[in-house]
Amino acid sequence: MIEKALLEYLQPVLQKNTQLFSLSCPEWILSKKRFLLGKEYVFSIMLVLHTDLIPMEMLFQELDKLFKEIGLNPKCQKKIQWFVLSPRGGIYLYESIAIKEHKKNKKMRNRFIIINTENASVSFGPGHKKNTTASQKLFSLIQNSRFFRREEWLSKMFDFFSICEDTIVHER
């Protein structure tokens, strides 16, 4: 349910699927001009982990292939918000993924949002003040989904995803 809503939020997307993960990246990524520093790309992607393994090097290789398909300039800076979905997600998964080497990789600056697809918990990092609020909001959206028309529910989910992005983008 969360994965389908997030795919629609990122539409249209290019996908890379393996036995270990699915990676979804928007087809169209707009560049933004930075004052005196040239262009940069700012966008979100979705990573769905199918196992307990986290093959980050393989993920970054697949992401590079997607960037070539889209036609992104490899010299431009990329700021990426990762929505990481896993049935075992949470703070421990966040700590495994959001290490220094993954936050800054080549020309990418990565921020991570971990979403547990089993219990709808959200993690912006250990002890983050918005973890509980975001988890309660997502749990409520899923529990009450049957009371909304599809379009209304998707609109609420899109608002939720946007708030998640804003939460991690405006932090140091």
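Residues numbered from 1 in each chain as written. Predicted model: local features only at pLDDT ≥ 70, side-chain atom pairs only at ≥ 80, totals over all residues. Heavy atoms only, no water.

1. Here we look at the state of the cysteines
Summed over the entire model, instances satisfying the criterion amount to 0 disulfides. The thiol of Cys25 is not disulfide-bonded; the next cysteine sulfur, from Cys76, is found 15 Å away. Owing to a relative accessible area of 0%, Cys25 belongs among the buried residues under this scheme. For Cys76, a relative accessible area of 7% corresponds to the buried category. (Disulfide = S-S within 2.5 Å. Buried < 20%, exposed > 50% of the residue type's maximum accessible area, 1.4 Å probe, protein only.)

2. Observations regarding the pattern of salt bridges
Per the counting criterion, the structure on display carries 8 salt bridges. A salt bridge links Asp52 to Arg88, with the nearest nitrogen and oxygen atoms 2.9 Å apart. With a gap of 36 residues between them, Asp52 in the loop between strand E4 (38-49) and helix H2 (56-70) and Arg88 in the loop between strand E5 (77-86) and helix H3 (91-97) connect regions that are remote in the sequence. Residue Asp52 shares its accessibility class with Arg88, and that shared class is exposed. Arg149 serves as the salt-bridge partner of Glu152, at 3.9 Å between the closest nitrogen and oxygen. For Glu152, a relative accessible area of 35% gives the class partly exposed. Of the residues examined, Arg149 reaches a relative accessible area of 54% and is grouped as exposed. (Salt bridge = Lys/Arg side-chain N within 4 Å of Asp/Glu carboxyl O. Helix = DSSP H or I, 4+ residues; strand = E, 2+ residues; numbered from the N terminus.)

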